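Fold and contact review
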2 protein chains.
Amino acid sequence: MSVTISHEDIEALCMGSVFLATGGGGDPYIGQLLVTEALKKYGPVTLFPLETLPDDALVVAVGEVGAPSISLEHLPIGNECLEVVDRLEAWMGRSISHLVSFEVGGANSVIPLLAAAARGIPLIDGDGMARALPEAQMMTFAIEGVKPSPAVAVDYSGGAVYFDVGDAELYERQLRNLSMAMGGMVFTAEHPMTSEEARRAIIPGTISFALKLGQLLKQHSGNAAQIETPLSALFEASDYGQFKRLYTGKVVDINRRTVGGFDVGEAVLESTVDDSPPLRLAIKNEFLLAEIGDRVVASVPDLITMVDHETSAPINAERVHYGQRVTVFGIGCPGHYRSEKALKVVEPRVFGFDIDYVPIEDL
Amino acid sequence: MSVTISHEDIEALCMGSVFLATGGGGDPYIGQLLVTEALKKYGPVTLFPLETLPDDALVVAVGEVGAPSISLEHLPIGNECLEVVDRLEAWMGRSISHLVSFEVGGANSVIPLLAAAARGIPLIDGDGMARALPEAQMMTFAIEGVKPSPAVAVDYSGGAVYFDVGDAELYERQLRNLSMAMGGMVFTAEHPMTSEEARRAIIPGTISFALKLGQLLKQHSGNAAQIETPLSALFEASDYGQFKRLYTGKVVDINRRTVGGFDVGEAVLESTVDDSPPLRLAIKNEFLLAEIGDRVVASVPDLITMVDHETSAPINAERVHYGQRVTVFGIGCPGHYRSEKALKVVEPRVFGFDIDYVPIEDL
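Remember, it's a predicted structure, so these values are computed and weren't measured experimentally. (Residues numbered from 1 in each chain as written. Chains lettered and ligands numbered in written order. Predicted model: local features only at pLDDT ≥ 70, side-chain atom pairs only at ≥ 80, totals over all residues. Heavy atoms only, no water.)

Observations regarding the pairing of strand E10 (residues 243–259) of chain B
Residue and element names in this part refer to chain B. Pairing between E10 and strand E16 (residues 325–331): 7 bridges, direction antiparallel. Bridging across to E16, Lys244 finds its partner in Gly330. Pairing geometry for E10 and strand E11 (residues 262–271), over 10 bridges, is antiparallel. Paired with Val259 across the bridge in E11 is Phe262. Here E10 folds back onto E11, and the loop between the two strands holds 2 residues, one of which, Gly260, carries a positive phi near 60°. (Pairing = 2+ DSSP bridges. Helix = DSSP H or I, 4+ residues; strand = E, 2+ residues; numbered from the N terminus.)

Put into structure tokens, the structure is as follows:
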């Protein structure tokens, strides 16, 4: 089944992407106008179903990398994701047959649409995270053994850096350090995949799911209490795990700094419905850990997401501010992240939390 | 006049290079054995006189970039400078006709000999600093408008990063950040030059000068008092400026940290010959500023160099330690660094010192 995305769908897709971004992933609203205009100009993009990928495909992941807060001020020109595609094709001496998103969460759900529309390269309905996570080695591409390079990064100044590196963690370190020298936010084309690799490494259906989720959020643009039942039904019918309301309250503290190319900080909420202890959300680009008092109620790789209590609009970490009334949901991650090899790179300890991962349904 | 360097000359060349390194430039003694062995295997290298460069030359600068202190522990494998040459030739699709050193000071005086010997590519007698300085935009190549890229950097892991960047300061920032992610020390091939650019941008004769200087230091391996007269005569007959003894004393304090990919710190000396106030040397890879009490006695871009009081061996900043008895010399930089456009990137203010540059002969 293929899903077509037109310029009229971009607003909903952005809402769904912010929900799945679990606080991070870069702000898609910034690129919304650019992508909407591109789809008006080039026409709608029909998402390419992973299961029909031909055997001789060359699939490449495109998107932006940096600290999400930077994307609020450091606006894209609009041609960055075309330039990385052109540069990687020239360097590899091959045409890219299909594009794929790093992550459905945040800006990286819509950026590849721009390249797909402008260059006429099919975009696969799927991604490498089914959410957002801060580092390259946390993508299912890397977890499934796809090499990060040949890869290319471009910056605001029109220059580019090309990578020949075999290891995803080393690539992440190089790219992150480089992004700090290139304005804090770069666009990359990377993780070239054969068909066999793509079928193994891509989580299918996530872009169309984000669109459906966003449409639901738009329809129920009321308060979070009304949205809970249809949201729960949507997730229950998906590849995600259990859907839970974790907390309803008011943001009473938020601190966020840009450290080492990441947004790092903590948000604290106080309940507006009962006398529960405060909820604390630890942030590294994304919301990684939710604790009510001393009790962990959700942790990475499960999703923790925040919506506005009045409008149901999802709120990413770089837009959280004092006084917001919000509801926080937790959602079990798809099975891809619950294997031993996946947990090795996405479990709470990787982020410095001294706890074992306990699936949200057991908390 | 061409000068030939054999394996028997490497020890002297290293000594001369440490003297000209003004405290920085990376430790050449680490690579001494590698280069000595290479010249034994491949035969001596005849330095190519800049004035005989053919019109169709493609000159490329090769060397190592990082915090000098790292080079003491993070030993080169020996093939890094060959790999950057091979990779840059493959990327540019052209043969490199001549190599040149970034800087005559420190390890980068001997590293290019290895590539020249093993690949049979002539090495120009000259460099881009006539000393050592910490950043790429401070090379005469950049000052004379040579673009830094196409450039390539390789690291210990066998990976490589390729640069397409027009601006030397941006390149420096990218490369420095990257080197921190690549083990703190990388090898690069960069600043490709036409003959016209090379003739304008390279400071001629510096490698053979370093050899002559090192031979003199070896011959007079006595105390620093004996060496002063012949050293002074050698520099007076060169393109360098005035030669001065600044201080004779004992190292009573040294602090050095690796910050942002550089060695940063300060050395303090107390006089062993009179009741002068202490001498303070500010370090950013190199010795940049010498003050006796409140009086500046030498500053970048003029050279500040330290030799052991007993052996006359020059001492680089990463080997300075408490209790050493040393003599500190100051030497006027060559005219290349005294133009307005050069001072814009190498004057004391660039390094955070709130003083105007005053040539050493006026201090």
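Side note on the packing of aromatic side chains
Tallying each qualifying case throughout the model produces 20 aromatic pairs over all chains. With a centroid separation of 5.4 Å and an interplanar angle of 65°, the aromatic rings of A:Trp91 and B:Tyr162 are classed as edge-to-face. One end of the pair, A:Trp91, is in helix H4 (residues 80–92); the other, B:Tyr162, is in strand E7 (residues 160–164), on a second chain. If you follow A:Lys284 out to its NZ or CZ, it ends over the ring of A:Phe262, 4.3 Å from the centre. (Phe/Tyr/Trp six-rings, centres within 6.5 Å; stacked < 30°, edge-to-face > 60°. Lys NZ or Arg CZ within 6 Å of the ring centre and 35° of its normal.)

Quick word on helix H2 (residues 28–42) of chain B
Residues and elements named next belong to chain B. Taking 1.5 Å of rise per residue, 15 residues should cover 21 Å, and H2 covers 20 Å from first to last C-alpha, within 8% of that figure. Among all positions in H2, only Pro28, Gly31, Gln32, Val35, Thr36, Ala38 and Leu39 are buried. Summarising the contacts, the buried residues of H2 are in contact with strand E1 (4–5), helix H1 (10–20), strand E2 (45–46) and helix H5 (111–119). Measuring from the side-chain oxygen of the N-cap residue of H2 to the backbone nitrogen of Tyr29 gives 2.8 Å; that N-cap residue is Asp27. At the exit of H2 stands Gly43, carrying a positive phi of roughly 95°. (Expected span 1.5 Å × (residues − 1). Buried < 20%, exposed > 50% of the residue type's maximum accessible area, 1.4 Å probe, protein only. Contact = heavy atoms within 4.5 Å. Polar contact = N/O pair within 3.5 Å; in protein donor to acceptor, adjacent residues only side chain to side chain.)

Looking at the pattern of salt bridges
Residues and elements named next belong to chain A. Tallied over the full model, the rule gives 36 salt bridges over all chains. A salt bridge links Arg200 to Glu196; the nearest nitrogen and oxygen atoms lie 3.0 Å apart. Here Arg200 pairs with Glu196, and both are found in helix H8 (residues 195–201), just 4 residues apart, close to one helical turn. For Arg200, a relative accessible area of 34% puts it in the partly exposed group. On the basis of relative accessibility, which here comes to 46%, the residue Glu196 falls in the partly exposed class. Close ionic contact of Arg349 with Asp354 constitutes a salt bridge, the shortest N to O distance being 2.5 Å. One network of salt bridges, with partners in common, ties together Glu144, Glu196, Arg200 and Lys341. (Salt bridge = Lys/Arg side-chain N within 4 Å of Asp/Glu carboxyl O.)

Notes on the relation of the copies chain B and chain A
Turning chain B through 180° and shifting it by 0.1 Å along the axis lays it on chain A, with an RMSD of 0.0 Å. Such a combination of rotation and displacement between the chain copies is what one expects of a two-fold axis. Both copies contact each other with a shared surface, as 100% of the interface residues of chain B are interface residues in chain A too. (Least-squares fit on C-alpha atoms with pLDDT ≥ 70 in both.)

Comments concerning the packing of helix H1 (residues 10–20) of chain A against helix H2 (residues 28–42) of chain A
Residues and elements named next belong to chain A. Following both chains from N to C, one finds H1 and H2 inclined at 150°, their axes separated by 9 Å at the closest point. Taken together, H1 and H2 sit at an angle that is classed as roughly antiparallel. Remark: the crossing between H1 and H2 carries right-handed chirality. Listed contacts from H2 to Ile10, Glu11, Cys14, Met15 and Val18 of H1 are Pro28, Tyr29, Gln32, Val35, Thr36 and Leu39. (Axes fitted to C-alpha atoms, helices over the stretch in contact; angles between N-to-C directions. Parallel < 35°, antiparallel > 145°, perpendicular 65-115°, else oblique. Left-handed = near helix turned anticlockwise from the far one by under 90°.)

Here we look at helix H7 (residues 168–181) of chain B
Residue and element names in this part refer to chain B. An ideal rise of 1.5 Å per residue puts 20 Å on 14 residues; H7 measures up with 20 Å between its terminal C-alpha atoms. With 11 of 14 residues buried, H7 lies mostly within the body of the structure. Along H7, the residues that are buried comprise Ala168, Leu170, Tyr171, Glu172, Gln174, Leu175, Arg176, Asn177, Leu178, Ser179 and Ala181. Where H7 begins, the capping side chain belongs to Asp167, and its oxygen is found 3.2 Å from the backbone nitrogen of Glu169. Downstream of H7 by one or two residues, Gly183 has phi in the positive range, about 100°.

Observations concerning the pairing of strand E11 (residues 262–271) of chain A
Residue and element names in this part refer to chain A. Taken across its 10 residues, E11 has 7 buried, putting it largely inside the fold. Here E11 runs beside strand E12 (residues 279–284); their pairing, made up of 6 bridges, is antiparallel. Residue pairing across strands places Gly265 opposite Ile283, the latter belonging to E12.

Focus on the side chain of A:His191
Residue and element names in this part refer to chain A. As for its position among the elements, His191 is in strand E8 (residues 185–193). Under the relative-accessibility criterion, His191 is labelled buried at 0%. Looking at His191, its side chain comes within polar contact range of the side chain of Glu190, at 3.1 Å. Look past the residues within four positions of His191 in its chain and what remains in contact with it is Val59, Val60, Ala61, Met139, Phe141, Ala142, Val146, Lys147, Pro148, Pro150 and Tyr171.

Examining the interface of chain B and chain A
On the side of chain A, 19 residues touch chain B, which itself brings 19 residues to the contact. Both faces combined, the contact of chain B with chain A buries some 1,600 Å², and carbon together with sulfur accounts for 51% of it. Summed over the shared surface of chain B and chain A, the result is 2 salt bridges. Notably, a salt bridge pairs B:Asp164 with A:Arg87, separated by 2.7 Å at the nearest N-O pair. Inspection of the region where chain B meets chain A yields 8 residue pairs in polar contact (both at pLDDT 80 or more). When residues of the side of chain B that touches chain A are assigned to their parent elements, the largest contribution, 7 residues, is made by H7(B). Considered class by class, the residues forming the side of chain B that touches chain A number 11 nonpolar, 4 polar and 4 charged. (Buried area = accessible area lost by both parts, 1.4 Å probe. Nonpolar A, V, L, I, M, F, W, Y, C, P; charged D, E, K, R; others polar.)

Notes on the sheet that holds strand E15 (residues 303–308) of chain A
Picture the strands of a sheet paired through backbone hydrogen bonds; they go either parallel or antiparallel. Residue and element names in this part refer to chain A. On the basis of which strands lie adjacent, the open sheet formed by 7 strands has the order E14-E13-E12-E11-E10-E16-E15 and antiparallel pairing. Each edge of the open sheet is held by one strand with a lone partner, namely strand E14 (295–299) and E15. Within this sheet the neighbouring strands show an average axis-to-axis angle of 35°, counted without direction.

As for the environment of A:Gly205
All names here are of chain A. Looking at the element boundaries, Gly205 is found in the loop between strand E9 (203–204) and helix H9 (206–219). Each C-alpha atom, one on Gly205 and one on Phe48, is 9.5 Å from the other, the two residues being 157 residues apart in sequence. Apart from the residues within four sequence positions on either side, Gly205 is in contact with Asp125 and Gly126.

A word on the domain arrangement of chain A
By convention, interface size is frequently given as the accessible area that disappears when the constituent parts associate. All names here are of chain A. If you check the domain split of chain A, you get domain 1 (3–204) and domain 2 (222–362). Placing the centre of domain 1 and that of domain 2 at their C-alpha centroids yields a distance of 24 Å. At the interface, 40 residues of domain 1 touch 38 residues of domain 2. Buried area between domain 1 and domain 2, both sides added, is near 3,100 Å², and the carbon and sulfur share of it is 63%. Inspection of the domain 1/domain 2 interface yields 3 salt bridges. Among the elements of the structure, H1, H2, helix H3 (68–71), helix H6 (140–143) and helix H7 (168–181) are those that each provide at least two residues to the side of domain 1 that touches domain 2. Of the residues assigned to the side of domain 1 that touches domain 2, the class counts are 24 nonpolar, 10 polar and 6 charged. (Domains from an automatic or database assignment.)

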